[in-house]
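Here is how the chains run, residue by residue.
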Amino acid sequence: MGWVCTKDGKSNADSLDTCPVCGAARPCRVALAGCAGMIEARLATDIGGALLAEVVGDEARFCANPQYRLAIDEDNRWRVVAFGETRNATVVNRVVVPDFGAELKAGDEIAVASRTDPAKVAAVVKVDLLPMK
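All figures in this text were calculated on a predicted structure; none of them were measured in a lab. Position labels on residues start from 1 in each chain and follow its written sequence. Local features in a predicted model are, by the rule used here, given only for residues with pLDDT of at least 70; side-chain atom pairs are given and counted only at 80 or more, and totals for whole chains, interfaces and linings are based on all residues. Excluded from the side-chain calculation are hydrogens and water; included are all heavy atoms of the structure.

Digging into the sheet that holds strand S6 (residues 68-72)
Worth spelling out the cut-off: Paired strands are those between which DSSP finds at least two bridges. Secondary structure follows DSSP: runs of H or I at least 4 residues long count as helices, runs of E at least 2 residues long count as strands, and numbering of each begins at the N terminus.
Read across the sheet, 4 strands follow the order S5-S6-S7-S10 without closing on themselves; strand pairing throughout is antiparallel. This sheet does not close on itself; its edge strands, each paired only once, are strand S5 (45-47) and strand S10 (102-103). Here S6 pairs with strand S7 (residues 78-82) via 5 bridges, running antiparallel. Bridging across to S7, isoleucine 72 finds its partner in tryptophan 78.

Below, the structure written as structure tokens:
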């Protein structure tokens, strides 16, 4: 059946995850899975303690409202962008998210970490990139 690139309109085979003409990624939705559940996003979404409570349970108390944003760029690549003035830092794979954000890949882990001891993490969610329905 294939998929159509949202950037250049070219048809691509289902076996391709990237458009060979322009390099844009195949459109997908992002899922965050934690110890208590899962949430999915198709559009840019602010993520904070209130939403994460459904996914990580009580550990969501360490997150601000909002803590970080899931954003999608013009090449269909998902990114996490941290809100700077939060009590705890946002990390991807235990590395603090830079000001310009970090690209997400399936299997990445997003969490919050103590600003004084980045080894202390909480509210860990695993990223999955799922085909559009």
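Here's the deal with the sheet that holds strand S11 (residues 109-113)
Put simply, the rule is: The criterion used for residue contact is that any of the two residues' heavy atoms lie within 4.5 Å. Lines fitted to C-alpha atoms define the axes here, with helix axes fitted over just the stretch in contact, and angles between the N-to-C directions of these axes take values from 0 to 180 degrees.
Spatial strand order, S4-S3-S12-S11-S8-S9: 6 strands in an open sheet with antiparallel pairing. Two strands close off the open sheet at either side, each with one partner strand: strand S4 (38-41) and strand S9 (95-96). Bridge count between strand S8 (residues 89-92) and S9: 2 bridges; the pairing is antiparallel. Following the sheet pairing, valine 92 is matched in S9 by valine 95. Helix-sheet contacts for helix H1 (residues 49-56) involve strand S3 (28-33), S4 and strand S12 (121-131), and the interaxial angle to S12 is about 80°.

Considerations on the side chain of aspartate 108
Operational definition: Within 3.5 Å is the distance limit for a polar contact, defined as a pair of N or O atoms, with the added protein rule that one can donate a hydrogen and the other accept it, and that residues adjacent in sequence qualify only through two side-chain atoms.
Positionally, aspartate 108 belongs in the loop between S10 and S11. There is a polar contact of 2.8 Å between the side chain of aspartate 108 and the backbone nitrogen of lysine 105. With residues near it in sequence (within four places) discarded, aspartate 108 still touches Val92, Asn93, Glu103, Val125, Lys126 and Val127.

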